[in-house]
Amino acid sequence: MKTRFPLMAAVLVFALALPSGICAQQAYAKSSIRKQKARASEAVAKRHKQTQVMIDKVFSFAELGFHEKESSAYLTQILEEAGFEVTYGISGIPTAWLARWSRGEGPVIALGSDVDCIPKASQYPGVAYHKPIVEGAPGHGEGHNSGLPLLVTAALSVQEIMESENIGGTLVLWPGIAEELLGSKAWFVRDGYFEDIDMCIFTHVSSNLSVSWGQARGTGLISVEYGFSGEAAHSAGAPWRGRSALDAAELMNIGWNYKREHLHPLKRSHSIFTDAGDQPNVVPSEAAIWFYLRDVTYEGIMEMYEDANHIAEGAALMTDTQMHSRVLGAAWPRHFNKVIAETMYENIKAVGLPQWSDADQQLARAVQKEVGSRDTSGLATELSELGLPVEQPVSGGSDDIGDVSWTVPTVTLRFPSNIPGLQGHHWSNAIAMATPIAHKGATAGAKVVAMTVLDFLMQPQLVAQAKDYFENVQKKETTYRPMISESDPPPVELNTTIMETYRPQLEPFYFDESRYDTYLEQLGVEYPTLKQE
Ligand SMILES: [Zn+2]
């Protein structure tokens, strides 16, 4: 009877005596949150030089998926120096990592972005026409060199405030390895790396500062390579003794092209031959064809996969060869969190678009003209609206952030580091990516991320609301089922030959920030360099 009050008093005394690090449930006044967000924005602005160096550096490494060796070593070193604990080689991917820093109890917020580049997209930055740094080499023709530098800047800025203001919580940075192959995020999810994460802020380069919630535009996909094994023979001396694996791969391609007529317009598919034999006078004993099969729903993707399997079996039957297949990548259609997106959009409005210089606009318009874009208006000067769920599904690209978005409450912040109206996966998309356009766009994005992270760290009830949307609205009618199996390995051997060929040629062009202010300066590029008419 009499113990009740003293017990409560004891709890109170104990709570007051707690070490200052434990403060997760502390309630912050609106004015205090506003003040810390303003400080975060200033802290990001102060790091603009460091952001520029990181963006230029990763641009110069130009590493394809599963070979982001220099990029990962460089970025994780910065994080380690800032006190993050880094786990390397997650999911058995040598270039993958997780960097974690904690200031006691509070929300665990993951920050992720892609880091790989595009084959044959090598390009001088700041030059408004095709001029490869190394002919035929990979390059950042998707702009994935900017997202992680943005997040490192945002994380270091938030860390500074968490320390000085004693705000509890954990920051977890992670790279979208081999995003162009949809080759890592489904594996990170499968292997449990998001199990203790409360929410995820993902970022992707774009040409405006924006965020959306609900089902996103675009598709999910499964990436499958079909291999065939036959019997070699002298193509002229004894062709009747050969069984051509290439015939099988070609027949599969023909079969799928007949199927294409009967695909729903929202479905999309494309393929390349990855092994088409060695030389004409040897009947190919091995051949392979690699498909991306896309649709706006998981069920639609799996239907296509089943159809492709049947066509592959048919091709093997027709040619008396053996068929084997391997899943090389997967991406769920994306669904983004309403609470995080709405909170973030307020910060987008507060930050606004960067101030573009005349030089930035001249470069943008010249590139738009060079590639025959219908958009000739240069860089964005008006903010996008908050993106709402698509009413009618729209086909298009994919991103394996989809798998993360069905595992924890997630949004993608799109930030204005590139030129609007370009075709994508192309050298022209690399032109802006180591120029003031990319640098300013990333600083704007980093401000939004830092402010949004503070919103959630300082108001854990918002995290609870984001989880409520995730559990009770998003997952109400859809259950996430992985497209990869428990044993599918990540295809880490992809791109090896290309990188072995081009890395030695790219190394002399790595950005040396100890000798040059910017990569443009190192390359001797006058900004902007326009075509002489
Ligand atoms: Zn991308």
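Reading the values: the criteria
Throughout, residues of each chain are indexed from 1 in the direction in which the sequence is written. Note on the predicted model: pLDDT of at least 70 is required for a residue's local features to be given, and 80 or more for side-chain atom pairs to be given and counted; whole-chain, interface and lining totals, by contrast, use all residues. The basis for the side-chain values is all heavy atoms of the structure; hydrogens and waters are excluded. Here a helix means four or more residues in a row that DSSP labels H or I, a strand means two or more in a row labelled E, and each is numbered from the N terminus. Values of the radius of gyration come from C-alpha atoms, whereas the globule rule sets the reference at 2.2 Å times the count of residues to the power 0.38. We call a residue buried when its accessible area falls under 20% of the maximum for its residue type, exposed when it is over 50%, and partly exposed in between, using a 1.4 Å probe and counting protein chains only. Any pair of residues with heavy atoms lying within 4.5 Å of one another is described as a contacting pair. Under the convention used here, a 1.4 Å probe and the Shrake-Rupley method define accessible areas, while residue burial counts only the protein chains that appear. By the counting scheme adopted, Arg and Lys are positive, Glu and Asp are negative, and His together with the chain ends is not counted. We put the charge of a Lys on NZ, of an Arg on CZ, of an Asp on CG and of a Glu on CD. Counted as donors are the N, O and S atoms within 2.8 Å of the metal, or 3.2 Å for Na, K and Ca, while water is not among the atoms, so some sites may look incomplete. Put simply, two rings from Phe, Tyr or Trp (the six-membered ring, in Trp's case) pair if the centres are within 6.5 Å, and we call them stacked under 30 degrees between planes, edge-to-face over 60, tilted for the rest. By the criterion adopted, a ring carries a charge over it if an Arg CZ or a Lys NZ lies within 6 Å of its centre and within 35 degrees of its normal. Pairing between strands is defined by DSSP: at least two bridges between them are needed. Axis definition: a line fitted to C-alpha atoms, over the contacting stretch in the case of helices. Angles run 0 to 180 degrees between N-to-C directions. By definition in this entry, angles of less than 35 degrees are roughly parallel, angles greater than 145 are roughly antiparallel, angles of 65 to 115 are roughly perpendicular, and the rest are oblique. For this classification, the nonpolar set comprises Ala, Val, Leu, Ile, Met, Phe, Trp, Tyr, Cys and Pro, the charged set comprises Asp, Glu, Lys and Arg, and every other residue, Gly included, is treated as polar. For this quantity, the arc is that covered by the directions from the helix axis to the C-beta atoms. A residue's pLDDT is simply how confident the predictor is in it, with values from 0 to 100. Pairs of N or O atoms within 3.5 Å make up the polar contacts considered here, provided that, within protein, one atom can donate a hydrogen while the other can accept it, and that residues adjacent in sequence are counted only when both atoms are side-chain atoms. Buried Ala, Val, Leu, Ile, Met, Phe, Trp, Tyr and Cys residues form a nonpolar core when they are joined through side-chain atoms within 4.5 Å.

A. Geometry of the overall build of the protein. Across its full length, the protein holds 15 helices and twelve strands. Radius of gyration (C-alpha) of the protein: 25 Å, near the 24 Å computed for a compact globule of 533 residues. Counting across all 533 residues of the protein, residues that qualify as buried make up 58%. Summarising the internal contacts of the protein: among those between residues at least 6 apart in sequence, 83% fall at separations of at least 24. Split by element, the accessible area of the protein, about 22,800 Å² in all, is 52% carbon and sulfur. Averaged over its 43 positive side-chain charges, the protein has a centre that lies 7 Å from the centre of its 64 negative ones.

B. Spotlight on the coordination of the zinc ion. Taken together, E142 (OE), H144 (NE2) and H204 (NE2) make up the protein donors of the zinc ion, found 2.0 to 2.1 Å from the metal. One chain supplies every donor to the zinc ion, and in sequence these donors are spaced E-x1-H-x59-H. With a gap of 60 residues between them, H144 in the loop between β3 (108-114) and α5 (147-165) and H204 in strand β5 (residues 199-206) connect regions that are remote in the sequence. Each of the two residues, H144 as well as H204, counts as buried.

C. Structural context of the packing of aromatic side chains. The full count for this structure, using the stated rule, is 16 aromatic pairs. For the ring pair F61 and Y74, a centre distance of 6.2 Å and an interplane angle of 70° mean the geometry is edge-to-face. Taken together, the residues F61 in helix α3 (residues 48-61) and Y74 in helix α4 (residues 69-81) connect sequence positions 13 residues apart. A centroid spacing of 6.0 Å and a plane angle of 75° characterise the contact between W290 and Y292, whose relative ring orientation is edge-to-face. Each member of the pair, W290 as well as Y292, is classed as buried. Feature note: the residues W174, F188, Y193, F194 and F202 constitute an aromatic cluster, connected by ring pairs. The lysine or arginine in question, K131, covers the ring of Y124, its NZ or CZ lying 4.3 Å from the ring centre.

D. Representation of unusual backbone geometry within the structure. The residue after Y527, namely P528, is reached through a cis peptide bond having omega -10°. Assignment of secondary structure puts P528 in the segment after α15 (519-523). The phi dihedral of S91 falls on the positive side, at around 55°, and the residue is not glycine. Structurally, S91 is set in the loop between β1 (85-88) and β2 (97-102). Judged by relative accessible area, which is 9%, S91 ranks as buried.

E. Geometry of the sheet that holds strand β4 (residues 170-176). Here six strands make up an open sheet; going across it, the order is β1-β2-β4-β3-β5-β12 and the pairing mixed. Each of the sheet's edge strands pairs with one partner strand only, and the pair in question is β1 and β12 (410-416). Sheet twist, expressed as the mean angle between neighbouring strand axes with direction ignored, is 20°. With seven bridges connecting them, β5 and β12 associate as parallel partners. Looking across to β12, one finds that T203 is bridged to L413. Along the sheet face, helix α9 (residues 338-351) touches β5 and β12 and points at about 25° away from the line of β12.

F. Spatial organisation of the environment of G445. Structurally, the position occupied by G445 is in helix α12 (residues 436-458). In sequence terms G445 and V44 are 401 residues apart; their C-alpha atoms lie 9.6 Å from each other. Filtering out sequence-adjacent residues up to four positions away, G445 remains in contact with L150, L209, L413 and F415.

G. Up close: the side chain of S244. Assignment of secondary structure puts S244 in the loop between β7 (220-229) and α7 (245-260). Note on S244: relative accessible area 11%, which makes it buried. With residues near it in sequence (within four places) discarded, S244 still touches V283, P284, T319 and T321.

H. View of the packing of α4 against α5. Their axes nearest at 11 Å, the elements α4 and α5 cross at an angle of 0°. When the interaxial angle is binned, α4 and α5 end up roughly parallel. From α4, L75, I78 and L79 reach across to α5, where they touch L148, V152 and L156. Of the residues contributing to the contact of α4 with α5, the split by class is six nonpolar, no polar and no charged.

I. Helix α14 (residues 496-506), seen in detail. All of the buried residues in α14 are M499, Y502, R503 and L506. Buried residues in α14, looked at end-on, bunch into an arc of 120°, giving them a common side. Relative to its buried face, α14 has exposed residues pointing more than 90 degrees away, namely T497 and E500. Residues of α14 that are buried make contact with α3 and α4.

J. Main features of the confidence of the model for the protein. Per-residue pLDDT for the protein has a mean of 95; in total, 95% of the residues score no lower than 70. Below a pLDDT of 50 lies the segment residues 1-24, which in the model reaches eleven contacts outside its immediate sequence neighbourhood of four places, other chains included.

K. Spotlight on the side chain of K57. Mapped onto the secondary structure, K57 falls in helix α3. Here the side chain of K57 touches E513 through a polar contact of 2.7 Å, side chain to side chain. Excluding residues that lie within four positions of it along the chain, K57 makes contacts with Y74, F511 and E513.

L. Quick look at the nonpolar core. Formed by 152 residues in total, the largest nonpolar core has its most connected members in L173, W174, Y226, F228 and M252. Of all hydrophobic cores here, the second largest spans twelve residues; its members include V367, I419, I431 and A432.

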